[in-house]
Amino acid sequence: MSTAPRFQAFQSMAGAIVREQTIEERYGIPENFLEVEVRNPHTHGFGRKLYTDYEIVCRTNIPAFKMKQSLVRRRYRDFEWFRDVLERESTRVTIPSLPGKVFTNRFSDDVIEQRREGLERFLQIVAGHPLLQTGSKVLVAFIQDPNFSREAYQY
């Protein structure tokens, strides 16, 4: 029975912490937010020159990013290059893997959708990492710069 007074003390202590959220806290813009979406895959070319690129939409108020909203297109091979650069830039962060290469039916709707989902997961993880936001020379440009060029970064 000696635990009852402790429990009551805890209840009264916890009761002091709980308060209702204000309307602004509930519906206002979060202090720091980052939304990265990979969408709208589009296949270009014909024959052996066929490739798919993906739209990257970013909405954020994190100061490391140059724009609050952006929209760019990137190919899978751009993502491969980007991941390699991130691995070389940051020894303290484990960079997630990309969805694997596909050699058969790579332009089927199912394969393109699975790849889109994997690329989105990858970008959400790396873009949301604070060490990469501040330490990477290519992260923001890859996600936001419509004129991004791999040749501009000598790695």
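About the cut-offs
Residues numbered from 1 in each chain as written. Predicted model: local features only at pLDDT ≥ 70, side-chain atom pairs only at ≥ 80, totals over all residues. Heavy atoms only, no water. 1 Å grid on protein atoms, 1.4 Å probe; cavity = no way out; pocket = protein on both sides within 12 Å on 5 of 7 lines; lining within 4 Å. Points joined across faces, edges and corners; volume = space filled by probe spheres on them. Helix = DSSP H or I, 4+ residues; strand = E, 2+ residues; numbered from the N terminus. Nonpolar A, V, L, I, M, F, W, Y, C, P; charged D, E, K, R; others polar. pLDDT = per-residue confidence, 0-100. Contact = heavy atoms within 4.5 Å. Salt bridge = Lys/Arg side-chain N within 4 Å of Asp/Glu carboxyl O. Core = buried A, V, L, I, M, F, W, Y, C linked by side-chain atoms within 4.5 Å. Buried < 20%, exposed > 50% of the residue type's maximum accessible area, 1.4 Å probe, protein only. Axes fitted to C-alpha atoms, helices over the stretch in contact; angles between N-to-C directions. Parallel < 35°, antiparallel > 145°, perpendicular 65-115°, else oblique. Left-handed = near helix turned anticlockwise from the far one by under 90°.

**A word on the layout of surface pockets**
So, point 1. Put simply, the largest pocket is a space of about 330 Å³.
So, point 2. Surrounding the largest pocket, 16 residues form its lining, Tyr51, Tyr76, Lys101, Arg106 and Arg115 being those nearest its centre.
So, point 3. Those elements giving two or more residues to the lining of the largest pocket turn out to be strand E2 (51-60), helix H3 (76-89) and helix H4 (109-128).
So, point 4. A per-class count over the lining of the largest pocket returns 9 nonpolar, 1 polar and 6 charged.

**Notes on the confidence of the model for the chain**
Low pLDDT means the predicted atomic positions in that stretch should not be read closely.
So, point 1. Chain-level statistics for the chain give a pLDDT mean of 86 and a share of 87% at 70 or above.
So, point 2. Throughout residues 9-13 the model reports pLDDT below 50, and contacts reaching past four residues in sequence, or to other chains, amount to 0 contacts.

**Observations regarding the pattern of salt bridges**
So, point 1. Counted under the stated rule, the structure contains 11 salt bridges.
So, point 2. The partner of Glu37 in a salt bridge is Arg59, and the shortest N-O contact between them spans 3.6 Å. One end of the pair, Glu37, is in strand E1 (residues 34-44); the other, Arg59, is in strand E2, and 22 residues separate them in sequence.
So, point 3. A salt bridge links Arg73 to Glu55, with the shortest nitrogen-to-oxygen separation between them at 3.6 Å. Placement of Arg73 in strand E3 (residues 69-75) and of Glu55 in strand E2 is noted, with a sequence separation of 18 residues between them.

**Some thoughts on the nonpolar core**
So, point 1. Core analysis: the biggest nonpolar cluster contains 31 residues, and Ile56, Phe82, Phe122, Leu123, Val126 and Ile143 have the highest contact counts within it.
So, point 2. Setting aside its immediate chain neighbours within four residues, Val126 contacts Phe82, Leu86, Ile95, Pro96, Leu132 and Leu139.

**As for the packing of H3 against H4**
So, point 1. Where H3 contacts H4, the axes come no closer than 12 Å and their chain directions differ by 30°. When the axes of H3 and H4 are compared, the pair comes out roughly parallel. The two elements H3 and H4 cross, and the hand of that crossing is left-handed. Each of Tyr76, Phe79, Phe82, Arg83 and Leu86 in H3 lies in contact with H4, whose residues at this interface are Arg115, Leu119, Phe122, Leu123 and Val126.
So, point 2. Residues belonging to the contact of H3 with H4 are distributed by class as follows: 8 nonpolar, no polar and 2 charged.

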